[in-house]
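# Inside the fold
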Amino acid sequence: MGHYVPHTEAELAAMLGFLGLESLDDLYAHIPDAVRLAGGLDVAPGASESDVLARIDALGAANQPAAGGFVSFAGFGAYEHELPAAVRALTFRSEFVTSYTPYQAELSQGVLQALFEYQTMISSLFGLDVANASLYDGASAAVEGLNLAAAATRRKVAWVSAAVHPNVREVIRTLTAPRLELREAPIVDGVTRWPDDLGDAAAVLVAYPNVLGCLEDVADAARRAHDAGALLVAYADPVAAGLLRSVGSLGADVAVGEGQPFGTPLGFGGPYVGLFATRQAPYVRRWLPGRLVGETLDADERRAYVLTLSTREQHIRRADASSNVCTNQTLIAIAAAIHLAWLGSSGLRELAVRCARGARYAREQLVRIPGVEPLADTPTLYEFGLRTPVPAATVLERLAEEGYLGGVDLAPHYPELGNALLLAVTETRTKAEVDGFAAAFEKAVR
Amino acid sequence: MSSVPELLTTPNAGRASSAAVIGRDREPVVFELSSPGRRGWSFRATGMPEWDAAELVADAHRNDAPPVLPEVSERDLVAHFTRLTSRNYSVDLGAYPLGSCTMKYNPKLCDVASSVPGLTGVHPAQPAEQTQGWLRLLAELEDVLCRVTGMTAATLQPAAGAQGELTGLLLMRAWHAAQGSVRTKVLIPDSAHGTNPASVTLAGYQTVEVPSDARGLVDLDALRELVDDEIAGLMLTNPNTLGLFETDIVEIARLVHDAGGLLYYDGANLNAILGEVRPGDMGFDIVHMNLHKTFAVPHGGGGPGAGPVAVAARLEEFLPGPRPALDAATNRYVWTTPPRSIGRIHGWHGNALALARAYSYILANGGDGLQRVAEAAVLNARYLKERLRDVFDFPYDEPCMHEFVGSAANVKKATGVKALDLAKRLIEEGFHPPTMYFPLIVDEALMVEPTETESPQTVEAMAQAFERVVAEARADGGAAAHAAPRTTPVSRVDEVLAAKQLRLRWTPE
């Protein structure tokens, strides 16, 4: 026990003696007996490093990981990408890993500058002025996007596309229930059908590409939102930004998204990183959620960085703050920045192109199979839906036996789509893997 | 000799220099290291047909050029970010007595445990049948967190403490709604962390502040006046943000429960009471934990953390879903969603790899080790506070737990040196400063939390450093403190200028 408490028995005695106490128990003497725990915790005694790792390894062995265990075509908001060795090595630097939120700027220039660079890269991806220093995940970023829109418009209604990821929509429902009214716009042939009258909406939330991989008409959604006096919040895929027009250039007022593809393993869903960007005026000073790093000068007039606009935040404004976010996901944001810098402009383009090539090739092979059809006629990028002649769950079970994670069954989320399977292809998949998969798929749908 | 090509003398491009470390030069922004066309990337050869961008995406959707990003070699990238790490303090470098943040040592074991491919490679949407190891890990972590807190059931979804708070308040709201009772207000002590009232607002409630009494504890008479049938509950940190244990907790719980309210435990300070006192035994109904404090998940420069919420039995049916559960019939783990769930809080299953770190930390320490953690944390704080008795004022002088709050008001009055100046001067002594100006009810507050992983010698060295900087301020009128820090990569930064010019991204000059 107590692997990480350095005190020797002699040191404990010396400190207690200094305090005029006889035992460690005396430290708690002022706490009423009625609430003291007698006999310690009902938790197993401490274990050695090797025993802990053996336990962890056993748990790991009880999983069949998508990455490594299968040839995977699963996407649905979490993607297997190559993780460059340099990104891993730098992200694990303990100066990043074991520092706190950079309140003491003079001791935190490394984290602050890395976040400043991250903010620059994310605003560039989305074609908007300012990105914050990250939020918890894509879902929480979407919630904060709607919160910003509600605060800025002083309205309460948010129109959410049904083609936004179902988990993201559920988080939005949970976290905005006390304050916002949500309306859902349905999916028709893969894309959102907006109502002619959006009423007095605060926000319109559209995904680009959407959860089915389809490319929405973001400019049209922006026009509709703006005509109604609402803000357009775009849930945008950051990998797709290497090929697609930026959501900022298409009229989005706020871009949110999931930054996992850059520098973060699948990790059973977390920790990931919520991307958030918007236009500087009029939104940043009053309503931007989360931490924000700004450039400044030190006392010797050297360039320096510091957390700024903290007057927006909860530790100053308390009940009047526009968000309760305190911690963000700094380490994951730094990983994303390092990965994006490793890619550079040309690498991000190449990454998006490779994903799109793989998806097009896979889709062409799969739709040749009798009974297999595209879920929609709308263009897609690197993720697409298929209608299968047997339930997708059955297809996935059969493919798993052949070593393939064949995608994600959409039936639990979109029963109206029938036997529907969602597949993603990233730069990690080879033509040979796709050919093998297509052959297995043909057998699996019989 | 021919002249040096201009291309090769661009000030920063591709310059792998340690000047930022040993010369206190400024470190270029990574964009400034760019050389157009340079690249560090490479990809797997896939054999895919080489369709170009125009063949893959219609004009209406395709950008003319990819977003502007740095163009650097991998070597320069590594040099740049390594230089940035050299400009940053961290727990691995030295003591970090930042009050309320529990900056304890983060065992390397947990780094390794959370990096095994069997955990990192799992896709969150894989069927439960393929992820039995993860479900078991999460189920066991829920169980042990309930044992530590004295609660019945838990959700691991919240990604951070503040998200845990909001989750807890939404549970409170759902529970009252199920009782058919409409409640509008949540009580919060005036010493509470700022996230408490902000979360209350987001949950659709109004904050009502409960004053502290002369001891620094909840003012019981004021509380009696405030509890009524409008009160949804009371949020309490215990030990509170002054580092003091709320010794009237049984009476506080009775008052809130008698009024039909629920008692919410903010777990920011759970480290002080592991194995000694459990929130459930104190009468709390809802508990959030900061795994990045108590259970040694590293803070990562400000996240990722994890903020699980544990509840009493009567609130279990409202927890976010899905939750892992062992199916007795098949002896396999499955996902279940509680019948009256408030819904998902997280896009997937919470910050799973951070949860795996906490799980391995708990396994390593065990029940006995966790109790020793709390005892040593309290001992270090109690010792340091006693050592500083003649240096600072202690307006709330009850026995402290794992942290204490001193006031530098006397120093400021005598010398003009503020808590902020002392903190900056302490940096030069080799320590990260304590938390300043919090809680708000203490003038010139310095909140100190040495944590249990600092040796007695380190704690004593901290005491001597505090003594030195205060004595120095009294001797030199604050000259050194006002000029501090002079040993850091940058000297004191201009926060006002940052907010005024609002330069939030790099742009070419």
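Residues numbered from 1 in each chain as written. Chains lettered and ligands numbered in written order. Predicted model: local features only at pLDDT ≥ 70, side-chain atom pairs only at ≥ 80, totals over all residues.

## Looking at the overall build of chain A
As a reminder of what qualifies: Note on conventions: DSSP H or I runs of at least 4 residues are helices, E runs of at least 2 residues are strands, and numbering of each starts at the N terminus. The exposure scheme places C-beta atoms from the backbone and then counts, for each residue, the other C-beta atoms within 10 Å of its own, assigning buried at 20 or more, exposed at 12 or fewer, and partly exposed in between. Note on contacts: each residue gets a C-beta atom placed from the backbone, and two residues are in contact if those atoms are within 7 Å.
Tallying secondary structure elements over chain A gives 14 helices and 17 strands in all. Taken along the three principal axes of its C-alpha coordinates, chain A extends 85 × 55 × 50 Å. A burial count over chain A gives 64% of its 446 residues as buried. Considering only contacts within chain A whose residues lie at least 6 apart along the sequence, 72% involve residues at least 24 apart.

## Points about the overall build of chain B
Each helix and strand in chain B was counted, giving 17 helices and 12 strands. Taken along its principal axes, the extent of the C-alpha atoms in chain B is 90 × 75 × 45 Å. Sorting the 509 residues of chain B into buried and exposed places 60% on the buried side. Relative to all contacts within chain B whose residues are 6 or more apart in sequence, the contacts with residues 24 or more apart total 71%.

## Here's the deal with the interface of chain B and chain A
Our working definition: Residues are grouped as follows: Ala, Val, Leu, Ile, Met, Phe, Trp, Tyr, Cys and Pro are nonpolar; Asp, Glu, Lys and Arg are charged; every other residue, Gly included, is polar.
Each partner contributes residues to the interface: chain B has 168 residues there, and chain A has 171 residues. The element contributing the most residues to the side of chain B that touches chain A is helix 12 (residues 352–387) of chain B, with 22 residues. The residue inventory of the side of chain B that touches chain A, partitioned by class, reads 88 nonpolar, 51 polar and 29 charged.

## Some thoughts on the sheet that holds strand 11 (residues 435–436) of chain B
Residues and elements named next belong to chain B. Basically, it comes down to this: In this analysis, strands are considered paired if DSSP registers two or more bridges between them.
Spatially, 10-12-11 is the arrangement adopted by the 3 strands of the open sheet, whose pairing is antiparallel. The two strands at the open ends of the sheet, each matched to only one other strand, are strand 10 (404–407) and strand 11. For strand 10 and strand 12 (residues 445–448), the ladder comprises 4 bridges, and the chain directions are antiparallel. Residue pairing across strands places phenylalanine 404 opposite valine 448, the latter belonging to strand 12.

## Here we look at helix 7 (residues 138–153) of chain A
Helical geometry note: an α-helix holds 3.6 residues per turn, so side chains three or four residues apart project in the same direction. Residues and elements named next belong to chain A. What counts is decided by this rule: The span one expects for a helix is its residue count, reduced by one, times 1.5 Å.
If you check helix 7, its first and last C-alpha atoms are 23 Å apart, about what 16 residues at 1.5 Å a residue would give, namely 22 Å. In terms of residue burial, helix 7 counts as a mostly covered element, since 14 of its 16 residues are buried. Just past helix 7, the residue arginine 154 takes up positive phi, approximately 55 degrees.

## Here's the deal with the confidence of the model for chain B
Quick reminder of the rule: You can read pLDDT as the predictor saying how much it trusts each residue, on a scale of 0 to 100.
Residues with a pLDDT of 70 or more make up 97% of chain B, whose mean pLDDT is 95. Per the prediction output, this complex has pTM 0.97; the corresponding ipTM is 0.97.

## Quick notes on unusual backbone geometry
With omega at -5 degrees, the peptide bond leading from B:Gly321 into B:Pro322 counts as cis. Examined against the element boundaries, B:Pro322 turns out to sit in the loop between strand 7 (309–311) and strand 8 (323–327). In the segment running from B:Ala484 into B:Pro485, the intervening peptide bond is cis, with an omega of -5 degrees. For B:Pro485, the location among the structural elements is in the loop between helix 16 (479–483) and helix 17 (495–501). With a phi close to 45 degrees, A:Asp189 is a non-glycine residue in the positive phi region. Position of A:Asp189 relative to the elements: it lies in the loop between strand 5 (187–188) and strand 6 (191–192).

## With respect to the pairing of strand 6 (residues 286–289) of chain B
Along a regular strand, successive side chains alternate from one face of the sheet to the other. All names here are of chain B. Residues Ile286 and His288 point to one face of strand 6 and Val287 and Met289 to the other, with burial holding for every one of them. Relative to strand 6, strand 5 (residues 262–267) runs parallel, the two sharing 4 bridges. Pairing of glycine 267 across the sheet is with methionine 289, part of strand 6. Examined bridge by bridge, strand 6 and strand 7 share 3 bridges and lie antiparallel to one another. Counterpart to valine 287 in the pairing with strand 7 is alanine 310.

## Brief notes about the packing of helix 1 (residues 9–19) of chain A against helix 12 of chain B
Angle between the axes and distance between the axes: these two values describe a pair of packed helices. We apply this condition: Fitting a line to C-alpha atoms yields each axis, with helices limited to the stretch in contact; the angle taken between N-to-C directions then spans 0 to 180 degrees. Any angle between 65 and 115 degrees counts as roughly perpendicular, while under 35 counts as roughly parallel, over 145 as roughly antiparallel, and the rest as oblique. Each crossing gets its hand from how the near helix is turned against the far one by less than a right angle, where anticlockwise is left-handed and clockwise is right-handed.
Remark: helix 1 of chain A packs on helix 12 of chain B, axes separated minimally by 10 Å, with the N-to-C direction vectors making an angle of 45 degrees. By the angle class used here, helix 1 of chain A and helix 12 of chain B are oblique. Between helix 1 of chain A and helix 12 of chain B the crossing geometry is left-handed. Across from A:Met15, A:Phe18 and A:Leu19 in helix 1 of chain A, the residues of helix 12 of chain B making contact are B:Leu379, B:Arg382, B:Tyr383 and B:Glu386. Counted by class, the contact of helix 1 of chain A with helix 12 of chain B contains 5 nonpolar, no polar and 2 charged residues.

## Observations concerning the sheet that holds strand 1 (residues 153–155) of chain B
Residue and element names in this part refer to chain B. Taken in spatial order, the 7 strands of this open sheet run 1-7-6-5-4-2-3, and their pairing is mixed. Either end of the sheet is taken by a strand with one partner, and the two such strands are strand 1 and strand 3 (206–210). Taken over all neighbouring pairs, the strand axes of this sheet differ in orientation by 25 degrees on average, direction set aside. One ladder, built from 3 bridges, connects strand 2 (residues 185–189) with strand 4 (residues 231–237); its direction is parallel. Bridge pairing in strand 4 links leucine 187 to leucine 234. Running over the sheet, helix 7 (residues 161–178) touches strand 1, strand 2, strand 4, strand 5, strand 6 and strand 7 and is turned about 165 degrees from strand 6. The strands that helix 8 (residues 195–202) touches are strand 2, strand 3, strand 4 and strand 5; relative to strand 2, the one it contacts most, it runs at about 175 degrees.

## Quick notes on the packing of helix 6 (residues 109–126) of chain A against helix 3 (residues 74–85) of chain B
One can describe the packing of helix 6 of chain A onto helix 3 of chain B by two numbers: an axis separation of 7 Å at closest approach and a directional angle of 135 degrees. Classed by the angle they form, the pair helix 6 of chain A and helix 3 of chain B counts as oblique. Mapping the contact onto sequence places A:Gly110, A:Gln113 and A:Ala114 in helix 6 of chain A and B:Phe81, B:Leu84 and B:Thr85 in helix 3 of chain B.

## Focus: the pairing of strand 12 (residues 303–307) of chain A
All names here are of chain A. Along strand 12, 4 of the 5 residues are buried, which leaves the element largely enclosed by surrounding structure. As judged from the 5 bridges shared by strand 11 (residues 293–297) and strand 12, these two strands associate in the antiparallel manner. Note that in strand 12 the partner of threonine 296 across the bridge is alanine 304. Between the antiparallel neighbours strand 11 and strand 12 lie 5 residues, among them glutamate 301 with a positive phi of about 60 degrees.

## Concerning the nonpolar core
Going by this rule: When buried Ala, Val, Leu, Ile, Met, Phe, Trp, Tyr and Cys residues are joined through C-beta atoms within 7 Å, the set is termed a nonpolar core.
Of all hydrophobic cores here, the largest spans 328 residues; its most connected members are A:Ala203, A:Leu205 and A:Val233. At 22 residues, helix 12 (residues 330–367) of chain A tops the list of elements feeding residues into this core.

## Some remarks on the environment of A:His339
All names here are of chain A. Here histidine 339 lies in helix 12. In sequence terms histidine 339 and threonine 264 are 75 residues apart; their C-alpha atoms lie 9.3 Å from each other. Beyond its immediate stretch of four places on either side in the chain, histidine 339 contacts Pro84, Val87, Phe262 and Gly263.

## Re helix 12 of chain B
All names here are of chain B. What counts here: Bend is computed residue by residue as the angle between axes fitted to the seven residues ending at the residue and the seven residues starting at it.
Under the 1.5 Å per step criterion, the end-to-end length of helix 12 is only 41 Å for 36 residues, more than 12% shorter than the ideal 52 Å. The largest bend along helix 12 reaches roughly 90 degrees and is located at glycine 366. Within helix 12, 32 of the 36 residues are buried, which leaves it mostly tucked inside the rest of the structure.

## Let's talk about the environment of B:His299
Mapped onto the elements of the fold, B:His299 is located in the loop between strand 6 and strand 7. What B:His299 contacts, discounting residues up to four positions off in sequence, is A:Thr98, A:Ser99, A:Tyr100 and B:His292.

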